[in-house]
Amino acid sequence: MTQESAEVAPPGVNINVPHSARIYDYWLGGKDNFAVDRAVGEAMMKAIPAMRYMAGENRKFVHRAARDLVAKEGIRQFLDIGTGIPTRPNLHEIAQKLAPETRVVYVDNDPIVLVHARALMISTDEGRSEYISADIRKPQSILTEQVLTETLDLTEPVGLTLIAILMLLADADDPWSLVAQLRDAMPSGSILGITHPTADFNPEAVGEAVSAATSAGMTLVARTREEVERFFGDWEMLEPGLVPVSAWRPDEPVENPEAAYYWAGVARKP
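Residue numbers restart at each chain and count upward from 1, following the sequence in its written direction. Predicted model: local features are reported for residues with pLDDT of at least 70 only, side-chain atom pairs are reported and counted for 80 or more only, and whole-chain, interface and lining totals are derived from all residues. To get the side-chain values, take all heavy atoms of the structure and skip hydrogens and water.

Q: Quick question: what am I supposed to make of the side chain of T102 here?
A: You can see T102 is positioned in the loop between helix 5 (91-98) and strand 2 (103-108). Assessed through its relative accessible area of 0%, T102 is described here as buried. The contact criterion used is simple: two residues touch if any of their non-hydrogen atoms lie within 4.5 Å. In this structure, T102 is in contact with R76, Q77, F78, A95, Q96, G127 and R128, ignoring residues within four places of it in sequence. Strands here are runs of E lasting at least two residues and helices are runs of H or I lasting at least four, both read from the DSSP assignment and numbered beginning at the N terminus. Burial status follows relative accessibility: with a 1.4 Å probe on protein chains alone, a residue under 20% of its type maximum counts as buried, one over 50% as exposed, and anything between as partly exposed.

Here is the structure:
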C-alpha cells in the first residue's frame, strides 16, 4: 500500500485537493498534510528553493507583531483570520505570556485546522482562546458569530491579523472591499497586521510558484507593494511601515530582507 493510498483525513477534509494551510504546514516541517499538498509544495519549492525559509520568516513576524501589540500598543484582544494549522507558539501563547487576560478568536475554513485548534489553542485561565470555522469572503458572518461577540469586545481596540491569507483571494473577489468591511467594524485604536507574498523582489521565480499552485486548482495571487498598501486604507502605518517581512522590527539585523518575498505591515486605526 502506498503512502498516498494509506492517508486518511478527518471528516470534511478532501485529500485530493491541495489546501494552503496544509502546504504551509509541510513547509514548516509539520505532519498535517497530504500527498497532494506535498506535491504542490514541492513544485513551488522548485521555483523558490527558499520557500521554507520564507514560511519561517512569516511565522516569526507573527510572534514579533503579537509581542509588540501587547507590550507596546496595549492590545488585549485579537482576531486572527486565516489561522492555518497551529504551530507553537501560537499567537495567543505569545500574547498571554505577556498579558494573561488576552482574548483571541481564530478563524479558518479548513476542517483540519478545527481538529488541531481544539487541542492546541488552550487559553490561560484569565484569558480566552476560541476558534470559528468561517470564510474571509463573508466578513459579516465572522463579525456576527456568537463566539466572537461573546469573546471580543468590539468597543475596545482589537488586533486584527491577516497573515498570508489575502493571497488566496482573487482580484475578482475584491479583497480590498472585504478587508474594508473588517476595518470598519474595528473601533478606534485597533491594529491591523498583514503579510502578503509579492513578485516585486523576484518576478520570474514567484511567477513560476504561482503557476504551480494555480495549475493544481488553487487561487494564489502575488501583489505589488501598492496593492498591499491599499488593504490598510487610511489607517496610520506604524514604524517601520510596509517593508519586507524580515525587516519588520527584527530581533537581530537581517542581511538580506528581500530574500523572503512577502510585504508586511502594521497600522493603527485613528
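From this point, the narrative continues.
Q: How do you make sense of the pairing of strand 4 (residues 159-163) when you look at a structure like this?
A: Both faces of the sheet carry side chains from a regular strand, because those side chains alternate between them. The element strand 4 is largely enclosed, with a buried count of five among its five residues. With burial as the criterion, each face of strand 4 is covered, one bearing G159, T161 and I163 and the other bearing L160 and L162. Two elements, strand 1 (residues 77-81) and strand 4, share three bridges in a ladder whose sense is parallel. Across the sheet, L79 pairs through a bridge with L160, a residue of strand 4. A strand pair is defined by DSSP finding two or more bridges across the two strands. Both strand 4 and strand 5 (residues 191-197) contribute to a ladder of five bridges, which runs parallel. Within strand 5, the residue paired with T161 across the bridge is G193. Seen with its strands pointing away from the viewer, a crossover is right-handed when the path leading from the first strand over the helix to the second is clockwise. Handedness of the β-α-β unit built from strand 4, helix 9 (residues 175-185) and strand 5 comes out right-handed.

Q: Please explain the packing of aromatic side chains as it appears in this structure.
A: For any pair of aromatic rings, the description rests on two quantities: the centre-to-centre distance and the angle between the ring planes. Side-chain rings of Phe, Tyr and Trp, where Trp is taken by its six-membered ring, are said to pair if the distance between their centres is within 6.5 Å; with planes under 30 degrees apart they count as stacked, over 60 as edge-to-face, and otherwise as tilted. On inspection of all chains with the given rule, the structure shows three aromatic pairs. Where W176 meets F231, the ring centres are 5.3 Å apart and the plane angle is 15°; that geometry is what we call stacked. Of this pair, W176 sits in helix 9 while F231 sits in the loop between helix 11 (225-229) and strand 6 (236-237); the two residues are 55 residues apart in sequence, bridging distant segments of the chain. By the burial criterion, W176 is buried, and F231 matches it.

Q: I'm lost on the pattern of salt bridges in this one. Help?
A: Once their charged atoms are close, side chains differing in charge can pair, the charge on each being opposite to the other. Salt-bridge detection follows one rule: a side-chain nitrogen of Lys or Arg within 4 Å of a carboxyl oxygen of Asp or Glu. Under the definition given, this model contains 15 salt bridges. Of the charged contacts, one joins E130 and R128 as a salt bridge, the two residues approaching to 2.8 Å between their closest N and O atoms. Classification of R128 by relative accessible area gives partly exposed; the value is 29%. Across the pair D135 and R137 runs a salt bridge, and its minimum N-O distance is 3.2 Å. Among the residues examined, R137 registers a relative accessible area of 38% and is labelled partly exposed.

Q: Hey, could you run me through the environment of G217 in this one?
A: Position of G217 among the secondary structure elements: in the loop between helix 10 (203-214) and helix 11. By relative accessible area, G217 is classed as exposed at 64%. With 198 residues separating them in the primary sequence, G217 and H19 have C-alpha atoms 9.7 Å apart.

Q: Is there a simple way to think about the packing of helix 2 (residues 20-27) against helix 3 (residues 35-47) in this case?
A: For any two helices packed against each other, one specifies the crossing angle of their axes together with the interaxial distance. For the pair helix 2 and helix 3, interaxial distance at closest approach is 9 Å and the crossing angle is 65°. When the interaxial angle is binned, helix 2 and helix 3 end up roughly perpendicular. In this structure, helix 2 meets helix 3 at a crossing whose hand is right-handed. For the pair helix 2 and helix 3, the contacting residues are R22, I23, Y26 and W27 in the first and V36, D37, R38, V40, G41, E42, M44 and M45 in the second. When residues are grouped by polarity, Ala, Val, Leu, Ile, Met, Phe, Trp, Tyr, Cys and Pro land in nonpolar, Asp, Glu, Lys and Arg in charged, and all others, Gly among them, in polar. Looking at side-chain class alone, the contact of helix 2 with helix 3 contains seven nonpolar, one polar and four charged residues. Note on method: axes are straight lines fitted to C-alpha atoms, helices fitted across the in-contact stretch only, with angles between N-to-C directions ranging 0 to 180 degrees. Should an angle fall under 35 degrees it is taken as roughly parallel, and over 145 as roughly antiparallel, whereas 65 to 115 is taken as roughly perpendicular and any remaining angle as oblique. The handedness criterion is simple: a crossing whose near helix is rotated anticlockwise from the far helix by less than a right angle is left-handed, and one whose near helix is rotated clockwise is right-handed.

Shape descriptors only; they carry no functional weight alone.
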